[in-house]
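Chain by chain, the residues run as shown.
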2 protein chains.
Amino acid sequence: MKDVAREAGVALGTVSKVFNNKPVGESYRKKVEEAAERLGYQVNIYARGLRSDKTYTVALILPNLYHPFFARLANEVCKALLEKGYRMIIATTDFDHQAEESCINMVKQNKVDGIIGLTYNPHLQVDDSIPFVSIDRIFGNNIPCVSSDNYMGGQLAAAKLTEFGCHRLLYFRTGSATFGECDKRGSGFESYCQTHKLHYDAIYLNDEDDLGDDPFYQYLDEHTRDGVCDFDGIFCSTDLLATHILKHLQSRGIQVPGQVQIIGYDGLCQFNLNDPFCSSIAQCLQ
Amino acid sequence: MKDVAREAGVALGTVSKVFNNKPVGESYRKKVEEAAERLGYQVNIYARGLRSDKTYTVALILPNLYHPFFARLANEVCKALLEKGYRMIIATTDFDHQAEESCINMVKQNKVDGIIGLTYNPHLQVDDSIPFVSIDRIFGNNIPCVSSDNYMGGQLAAAKLTEFGCHRLLYFRTGSATFGECDKRGSGFESYCQTHKLHYDAIYLNDEDDLGDDPFYQYLDEHTRDGVCDFDGIFCSTDLLATHILKHLQSRGIQVPGQVQIIGYDGLCQFNLNDPFCSSIAQCLQ
């Protein structure tokens, strides 16, 4: 900074003000910035963080990075943060409640400037000592929650299946037992069916029950006679579930979409590249 | 630390030694650790980093996080680092050479303890001022490179296609123009074919030429007459390419694997879950 001050012909304090974004005359700011550029001066974010008590670091807490939805989300968050000069720390929790608590403690003591969390621990304590943005789960009035319009998504799915001629609808839901915004997919779907007096059924399962997709398969088999399924339109709470259901029906000789139409939720693509796994309500940029 | 010293009945210096992993009598270590646990003392990694000049942070530089191979890699690196008490910063470069340089500069000034990089910039300068581990690309003697045994992978693919009765083999390669370890897939494949005097052809394309998969499709169409392809076994340098080739052949009415057998490379699965896109040489845990 002394070199910059000398090069710019200003006082050291002026350089400090410019580098720390404090008020200073525009002509001084220009002189300092030009001198800094001539000298190839780079702000050391780490040192700046020490002084300003900012770390220019945001932690992203996710169950894992390999599920294509989490991978896409992490990719976009990372890009957005880098563009603003922030670094992203990632901590994966593998859906483990204890790991989620440890992560929050770890990132807190690392003095990150904020946390973005997609968490499943129903007892997770998030205080307001550090800015926290939740994805898909509402903690309370002081914690912002970002989510797609899941209720509208559920309604869209029901409307689309109906538009395409389906009369006997079915909703399959799997996911965490912890209530989250994603549960509104089913509410939207059911509400549309009720309002439009459509025949429908809905099966809800929790990941925590660890039953896999078998109960869904069993339900479908029980509702299939002579190669004809009782339902002609199925909305699944995720693309992953939809893909499994699609394969199961095909293995039973039932044509999709000929006999049964399926819509998933997420909008994921094979290799995350322009090639959807199934028809879907997309909440994901591709 | 004063509280811990009082609780343990030892000198402050003893507590400091234990917390900083310096030599100290075992009975003292035990006393301090027990006292620390009773008091719920947690080491502040950030402060420890300041004193020891370590940050307990490793940066992972990847083109993106949405490609399933990069996503899986990031997931495993993150897990391994967390287990050792390290945080992971991720920086994505979108294959941009300038972005790769910026990332390295950024993470250096952030004083990370090390960098793990999967990079494509042929002019990228990696000095030894900070530990750097390269993935899939050899920089020189002082920079360790981690890679699967790509040469062996290529040989395995040729051997497997031959074992399954293929006689006219083909290798399709797409990837960066920058030479990397992945190029040994083709060398291993070609070497096996030459040693075993197998009829084969090989087409190499660079991502940088931006031709997509069209030249491959064109080549296959030129070598297909009356619904029969000149080749009956194709090894593709990635699962993504293999999936595209598979779909193209099917769109031409050619049965896979009935008429043409295809092997990819990576071992990726749909949703990264137990359901391979295609037969593959797997370098990826699932």
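Reading the values: the criteria
Residues numbered from 1 in each chain as written. Chains lettered and ligands numbered in written order. Predicted model: local features only at pLDDT ≥ 70, side-chain atom pairs only at ≥ 80, totals over all residues. Heavy atoms only, no water. Least-squares fit on C-alpha atoms with pLDDT ≥ 70 in both. Patch = residues over 30% accessible without salt bridge, like charges linked within 9 Å, V, L, I, M, F, W, Y side chains within 5 Å. Areas by Shrake-Rupley, 256 points an atom, 1.4 Å probe, with all protein chains shown as cover. Salt bridge = Lys/Arg side-chain N within 4 Å of Asp/Glu carboxyl O. Lys, Arg positive; Asp, Glu negative; His and termini not counted. Charge placed at Lys NZ, Arg CZ, Asp CG, Glu CD. Helix = DSSP H or I, 4+ residues; strand = E, 2+ residues; numbered from the N terminus. Buried < 20%, exposed > 50% of the residue type's maximum accessible area, 1.4 Å probe, protein only. Core = buried A, V, L, I, M, F, W, Y, C linked by side-chain atoms within 4.5 Å. Contact = heavy atoms within 4.5 Å. Disulfide = S-S within 2.5 Å. Pairing = 2+ DSSP bridges. Axes fitted to C-alpha atoms, helices over the stretch in contact; angles between N-to-C directions. Buried area = accessible area lost by both parts, 1.4 Å probe. Polar contact = N/O pair within 3.5 Å; in protein donor to acceptor, adjacent residues only side chain to side chain. Expected span 1.5 Å × (residues − 1).

Examining the relation of the copies chain A and chain B
Item 1. For these two chains of identical sequence, chain A goes onto chain B by a turn of 180° and a shift of 0.1 Å along the axis, with RMSD 0.1 Å. Such a turn and shift between the copies fits a two-fold axis. Ranked by how close their C-alpha atoms come to the rotation axis, the residues of chain A are headed by Ile89 of chain A, at 2.1 Å.

Some thoughts on a negative patch on the surface
Residues and elements named next belong to chain A.
Item 1. Residues Asp207, Glu208, Asp209 and Asp210 make up a contiguous surface patch of negative charge.
Item 2. Positionally, Asp207 belongs in the loop between strand E7 (199-206) and helix H9 (214-222).
Item 3. With a relative accessible area of 42%, Asp207 lands in the partly exposed category.

Observations concerning the nonpolar core
Item 1. Residues Phe172 and Ile245 of chain A together with Phe172 and Ile245 of chain B are the most contacted members of the largest nonpolar core, which totals 91 residues.
Item 2. Contact partners of Phe172 of chain A, with chain neighbours within four places excluded, come to Ile203, Phe216, Tyr219, Leu220, Ile234, Phe235, Cys236, Ser237, Leu241 and Ile245 of chain A.
Item 3. In this structure, Ala91 of chain A together with Ile61, Cys103 and Ile115 of chain B belong to the second largest nonpolar core, which totals 30 residues.

What to know about the state of the cysteines
Item 1. Taken as a whole and assessed by the stated rule, the structure comprises zero disulfides over all chains.
Item 2. No disulfide involves Cys182 of chain A; its sulfur sits 9.0 Å from that of Cys145 of chain A, the nearest cysteine.
Item 3. Free of any disulfide, Cys193 of chain B has its nearest cysteine sulfur in Cys166 of chain B, 11 Å distant.
Item 4. Classification of Cys193 of chain B by relative accessible area gives buried; the value is 0%.

Considerations on the sheet that holds strand E2 (residues 87-92) of chain B
Item 1. Reading across the sheet, the 10 strands line up as E5(A)-E4(A)-E3(A)-E1(A)-E2(A)-E2(B)-E1(B)-E3(B)-E4(B)-E5(B) and stay open at both edges, with mixed pairing between neighbours. Strands with a single pairing partner mark the edges of an open sheet, and in this sheet they are strand E5 (145-146) of chain A together with strand E5 (145-146) of chain B.
Item 2. Judged from the four bridges that link them, strand E1 (residues 57-62) of chain B and strand E3 (residues 114-117) of chain B form a sheet pairing that is parallel. Bridging from a neighbouring strand, Ala59 of chain B pairs with Ile115 of chain B of E3 of chain B.
Item 3. Sitting on the sheet, helix H5 (residues 68-83) of chain A is in contact with strand E1 (57-62), strand E2 (87-92), strand E3 (114-117) and strand E4 (132-135) of chain A together with E2 of chain B, with an inclination near 80° to E2 of chain B.
Item 4. Packing against the sheet, helix H5 (residues 68-83) of chain B makes contact with E2 of chain A together with E1, E2, E3 and strand E4 (132-135) of chain B, and its axis sits at approximately 80° to E2 of chain A.

Brief notes about the interface of chain A and chain B
Item 1. At the junction of the two partners, chain A supplies 39 residues and chain B supplies 39 residues.
Item 2. Summed over both sides, the interface between chain A and chain B buries roughly 4,000 Å², with carbon and sulfur atoms accounting for 62% of that surface.
Item 3. If you look at where chain A meets chain B, you find two salt bridges.
Item 4. Inspection of the region where chain A meets chain B yields eight residue pairs in polar contact (both at pLDDT 80 or more).

A closer look at helix H10 (residues 239-251) of chain A
Turn by turn, an α-helix covers 3.6 residues, leaving residues three or four places apart pointing in a common direction.
Residue and element names in this part refer to chain A.
Item 1. In this model, H10 (13 residues) spans 18 Å end to end at C-alpha, consistent with the 18 Å of a helix rising 1.5 Å per residue.
Item 2. Along H10, the residues that are buried comprise Asp239, Leu240, Leu241, Ala242, Thr243, Ile245, Leu246, His248 and Leu249.
Item 3. Buried-residue contacts for H10 involve strand E6 (168-175), H9, strand E10 (233-236), strand E11 (261-266) and strand E12 (280-282).
Item 4. Positive backbone phi, approximately 80°, marks Gly253, located one or two places after H10.

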